Amino acid sequence: MNRSRNAKRSRDPSLDTSGAANISKWKKRLGTGSKSIDDGTLLVETLKTHGLFLQSGDNPHLLNTDQAAFLKSFTKDVSTHVYFPNNIDEMLTTLFEYLENKVFLRTSLGPTKTSPDCDNARSDFQDSLIRLLLCVPDMQKKLLEHLLDILKDLSSTNQDIPITQRSQATVVPLPHLILSSIRFLPLLKDGHAVVDKLLDILTTATCPLDVQKEIIFSLPHTVSDAQHERIGVALKDILCESRALTCSILDTLTSISISRGIMQDIVNTVLKRLDRIDLDDLPSAVEFVLSSIQGPDDAITVLQELRENLDLSPPPPAAQNDLRTQNRRKETKDIQCIIMEAIHLQSLISKPMADAWLKIIDSCQEIEFQKSLDIHILIAFADNVSKKKLVENIFKNKIRKGMLTEKLFKEAITNYSSIIKKYFNNFISVCDFLLRSPEVGISHFASFMYIQTFVSFGSSDLYYQQSLVADLIEKVGTGGGGAITDGALRTLVILAEKYSSKLVAYTALVTAILDYTDNMSLGQFRQLMTVLCNLAWFNSGNDEDVNKSSLQNEVNIMMRKQLGSKTLKKRGVIAAVCAVRAMAKQYDRDAEGNDADHSKGNSSRASVGASGGSSSRANKEIEKAVSKLIDSAVRETRLDPEAAGLFMDELASPALIKDLPITIAKTCSERFQATFEADFVEDYAENKIERSDLILPIKQLFKIEEDETETSESLEEPIEITLPIAKWVLQNKENPLNHRTEVDRFIPHFRLMAAITSFAETDEIDALLGCGILVVPESYLNNEEILNPRELKALNDIIFYSINWFREIVNFFINSEDEMTRKQVLVRIKNILFLEEKLKVHLSVSQNYRPPTVLYSEDTSDWQPINNEKGKKGKSDGKAAAAGGKGKGGGKGGKKKGNKNETEALNGTVHLTTQVTQPGGADASSGPVASLTMIGQQSIIKPAQEYRILFGGFPSKCLAAGSNVDLGHFRPFLRELDLDVLKLFNYYVVSTDPEPGYEQELIVCQVLNLKDNSNN
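The rules behind each value
- Residues numbered from 1 in each chain as written.
- Predicted model: local features only at pLDDT ≥ 70, side-chain atom pairs only at ≥ 80, totals over all residues.
- Heavy atoms only, no water.
- Helix = DSSP H or I, 4+ residues; strand = E, 2+ residues; numbered from the N terminus.
- Buried < 20%, exposed > 50% of the residue type's maximum accessible area, 1.4 Å probe, protein only.
- Contact = heavy atoms within 4.5 Å.
- Areas by Shrake-Rupley, 256 points an atom, 1.4 Å probe, with all protein chains shown as cover.
- Polar contact = N/O pair within 3.5 Å; in protein donor to acceptor, adjacent residues only side chain to side chain.
- Pairing = 2+ DSSP bridges.
- Expected span 1.5 Å × (residues − 1).
- Patch = residues over 30% accessible without salt bridge, like charges linked within 9 Å, V, L, I, M, F, W, Y side chains within 5 Å.
- Salt bridge = Lys/Arg side-chain N within 4 Å of Asp/Glu carboxyl O.
- Phe/Tyr/Trp six-rings, centres within 6.5 Å; stacked < 30°, edge-to-face > 60°.
- Core = buried A, V, L, I, M, F, W, Y, C linked by side-chain atoms within 4.5 Å.
- pLDDT = per-residue confidence, 0-100.
- Axes fitted to C-alpha atoms, helices over the stretch in contact; angles between N-to-C directions.
- Parallel < 35°, antiparallel > 145°, perpendicular 65-115°, else oblique.
- Left-handed = near helix turned anticlockwise from the far one by under 90°.
- Nonpolar A, V, L, I, M, F, W, Y, C, P; charged D, E, K, R; others polar.

Engineer: Tell me about the overall build of the protein chain, residues and numbers included.
Structural biologist: The secondary structure content of the protein chain amounts to 45 helices and 11 strands. A burial count over the protein chain gives 52% of its 1016 residues as buried. In the protein chain, once contacts between residues fewer than 6 apart in sequence are set aside, the share between residues at least 24 apart is 76%. Carbon and sulfur atoms make up 50% of the accessible area of the protein chain, which totals about 47,100 Å².

Shown next as structure tokens:
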């Protein structure tokens, strides 16, 4: 019955497609309106029979059943038709005529709408009419050919028909709709012909770029696997010819199955052209290269070339930072993150690939071949648990060898900041294990990484800046006072001193460090106060800054409490010095700003006057605050010798002195000079020995003065200034409850006075270079007297204080350009060497001796004295020495004739020349020291003026007795010599009287040994 109905419809004269009138009638019906098409053709009737109703206009076709049911019934009907296969040709002819109308074509390529009466359909919209007919095996070949012909025509003419019947925001191009219809067909009967047709369209010269990309993207989903090899070869040829299709071709190649040889050729082509690929196509190129790797050996070869050719640097900023350049740089940052994420994910998926990356980076040992990309790959791999240790070792090795430089990291953080943000937690982890390293170079590089990253972030990256600061604060609190705490504090100090304008925004966050001060050492507390004071007194331009005012009040309150405390006084001293330095820096900024305002020639007098007055008032306020703070610290520490010494040592640091306002420096210089003269300098008669009620006699030695022939011929005993070191020490031994703090304060007081005096260019203090000091007589220094343990300890204290006094004298006067001053400095160094040799002798017979503290910032709680078992032997030596030369034990008559060399060395007259001449009449000041320092060479120096110098020799028995004592063990109790002492090697020959035993100049090894004892 069904066959007869179909036969009847096929014989209907109205279905004769040869008549021009019928074709015109069909086109008219399709052109306008939204009614169902019912022209009685075999196609329309057959579709209607199985539930598909064609619509005219731009309305979607209606489907009254599920698409699967429709296909099943429709396919069976057309294949069993009485006129099969003529019925197929008749229906396709009708359809092709309909498709000439572009509106009908678009509607037929669009989804069909499910009829409201249908209750068994899968959704409201189902497959398009064209796709449903393509799923019919008997209709697919001819319909597919016709669709590809339409696609070729559209590509050749580059035209499309917009929808005019209704307003739409977006119109899908017809080529896209056609290609979508032929993708993922259940069965493709003639795939070879389809590939030929698509490749022909693709290589057409007039084919638009968008259509080419659509075709390339659809190829893997359109043809069968058997055609993939052919497609790969064709796409490889197109890749070499078209740069714009790179991304599309590579994405397609990753989706098809091709032979290893073709894939390798394509990968090599991509790697060679990597530097010429558009930035937008780079992610696809990198993903394709990574996905092509199939083994460890292949990974090393491919990744090595990828590393060499991959450049992710953003375009340089244009002279005019226009919107286009900004957008381009932003796009570059996004692409950087995409590529790095692809590398990271592939390394997590493939262990050989991760190993290959790390091996390539680690094997690059030439500094010129280091790349910023290496740093970011290592940071990205830091979250890989199995590779974390290897990443740490690579970082450390590259820092040790100088491969990872500050310049390279600065380039990495400047050009690739987006990658740092993406892997920010990994970056913090890397900085953490580098900061914990006990190696100074690695730890300092970690600080640089923190600082450079903090500085490179702009105003839009406040979250990351805050996270960096919070991480450093957390390390201070949880570091336990070890290397991690030191590294975090060091980093914060640099940020506070160099980048206060950026760090000041996080003042409230930094203040939280005050909760972690209990377990800090003095050095760590100094760093903390440096940070807080720099932020508290930073000139942010906003006098009403609540955070700054609050921090100033908090620091002042804490400082006063600590200065008034017995146990925390040293911390109060540190806080006061840091506050003085911060305020002094503020003074300098104001002064410079004021000068700049006055230097503007076009500024009005009124504005300059107002600015100058404001700056002057601010300077006066700072001067007043600094002076008040110094007075308060001096007053609070006067009875605490260690705190007083620490305050003066800290205040005398060169970094602080150079920041002091000159007016404050001059005021402090006058004050400290007057205090030093009143508290520490005494008048003492020359060659006088007295014992009074002290446990040891005292005598002035080591005085440098003019020859007696040039002094007054008065019969009265001359009175000289001296430092009563021995008197202070011995009085403290006699009465420990009434401690004389002068002995603890005079050395740091001199250091501070000398530093400020030099900076302020006020009155000279040269008299202290040549003045003598009160010590014990020569016989006691030479170990010729029998001493009990108490007296021996007092003698050792006197020698220690004397050595430290001369060391500070040398530190200050070493830079003098005056010839006589330089010669006197040489004598003081000889005095130090002499006293150190004597000290070794006395230490060799001292048990459990602990020297007096002179470095007040040093922690000597772990220091242990030398337990010497040779005490009895030392005493017997002392008895033998006493028996060897009978005479008066103390006072003036205590000298032993048997020790004439040493006695004359201490009290003899030694002549220094004030003018040195070289052969040929040249002045010695222009010649090298080596020209006249040969021992035993005949001197041609003529003396012009004579000076008396008190110094000591090196007797052989004393050297033998103390040869086993290492003064390096006592370094925490010796003042450090400045590096300027090395300038001694540029000094010129100082001639002395040809007395046996001490006429030679200083030997280089002696000076180096002296410096070594200072810095061990």
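There's plenty left to go through after this.
Engineer: I'd like to hear about the environment of Arg971, residue by residue, with values.
Structural biologist: As for its position among the elements, Arg971 is in the loop between helix H44 (956-961) and helix H45 (1004-1015). For the pair Arg971 and Leu855, spaced 116 residues apart in sequence, the C-alpha separation works out to 9.6 Å. Polar side-chain contacts of Arg971 include one of 3.3 Å to the side chain of Glu976.

Engineer: So what about the sheet that holds strand S3 (residues 111-114)? Which residues, and what values?
Structural biologist: Spatially, the 4 strands line up as an open sheet ordered S1-S2-S3-S4, and their pairing is mixed. Each of the sheet's edge strands pairs with one partner strand only, and the pair in question is strand S1 (52-53) and strand S4 (125-128). Looking at chain direction, S3 and S4 are connected through 3 bridges and run antiparallel. Bridging across to S4, Lys113 finds its partner in Phe125.

Engineer: Got a sec to walk through helix H20 (residues 388-400)? Specific residues and values, please.
Structural biologist: Its 13 residues give H20 an end-to-end C-alpha distance of 19 Å, which sits within 8% of 18 Å, the value for a rise of 1.5 Å per residue. Those residues of H20 lying buried are Val391, Glu392, Ile394, Phe395, Lys396, Lys398 and Ile399. Close packing links the buried residues of H20 with helix H18 (351-363), helix H19 (372-380), helix H23 (424-435) and helix H24 (440-456). The positive-phi residue at the C-terminal boundary of H20 is Gly402, with phi of around 75°.

Engineer: Provide a residue-level description of a nonpolar patch on the surface, including the pertinent values.
Structural biologist: A cluster of nonpolar side chains, namely Leu345, Leu348 and Ile349, defines an oily patch on the protein surface of about 310 Å² accessible area. Assignment of secondary structure puts Leu345 in helix H17 (residues 323-349).

Engineer: Give me the packing of aromatic side chains: which residues, what numbers.
Structural biologist: Under the counting rule described, the total for this entry stands at 28 aromatic pairs. Relative to Phe448, the ring of Phe445 lies with its centre 6.0 Å away and its plane at 45°, an arrangement referred to as tilted. In this pair, Phe445 and Phe448 both sit in helix H24, 3 residues apart, roughly one turn of the helix. Residue Phe445 shares its accessibility class with Phe448, and that shared class is buried.

Engineer: Could you give me a rundown of the nonpolar core, with the residues and numbers involved?
Structural biologist: Ranked by internal contacts, the top residues of the largest apolar core, which has 276 residues, are Val270, Leu303, Leu306, Phe750, Leu768 and Trp805. Considering every element that reaches this core, the biggest residue donor is helix H40 (residues 789-813), with 13 residues. Contact partners of Leu768, with chain neighbours within four places excluded, come to Phe676, Val681, Leu723, Phe750, Met753, Trp805 and Ile809.

Engineer: Describe the confidence of the model for the protein chain, naming the residues involved and giving the relevant values.
Structural biologist: Predicted coordinates in areas of low pLDDT are best not read in detail. The predicted model of the protein chain averages 77 in pLDDT, with 75% of residues at 70 or higher. When the criterion is pLDDT under 50, residues 1-33 qualifies, and its contacts beyond four places in sequence or with other chains add up to 48 contacts. Across residues 994-1000, confidence stays below pLDDT 50; counting only partners more than four residues off in sequence or on other chains, it has 12 contacts.

Engineer: Quick one: what's the story with the side chain of Asn87, residue by residue and with numbers?
Structural biologist: Tracing the chain through its elements places Asn87 in helix H5 (residues 86-99). Dropping the residues within four chain positions of it, Asn87 is found in contact with Leu42, Val78 and His81.

Engineer: Give me the lowdown on the packing of helix H16 (residues 296-309) against H18, citing residues and values where you can.
Structural biologist: Packing of H16 against H18 leaves a shortest axis separation of 9 Å and a crossing angle of 50°. In terms of orientation, H16 lies oblique with respect to H18. As for how H16 packs across H18, the hand of that crossing is right-handed. Contacts between H16 and H18 pair Pro296, Ala299, Ile300, Leu303, Gln304, Leu306 and Arg307 from the former with Pro352, Met353, Ala356, Trp357, Lys359 and Ile360 from the latter. In terms of residue class, the contact of H16 with H18 is made up of 10 nonpolar, 1 polar and 2 charged.

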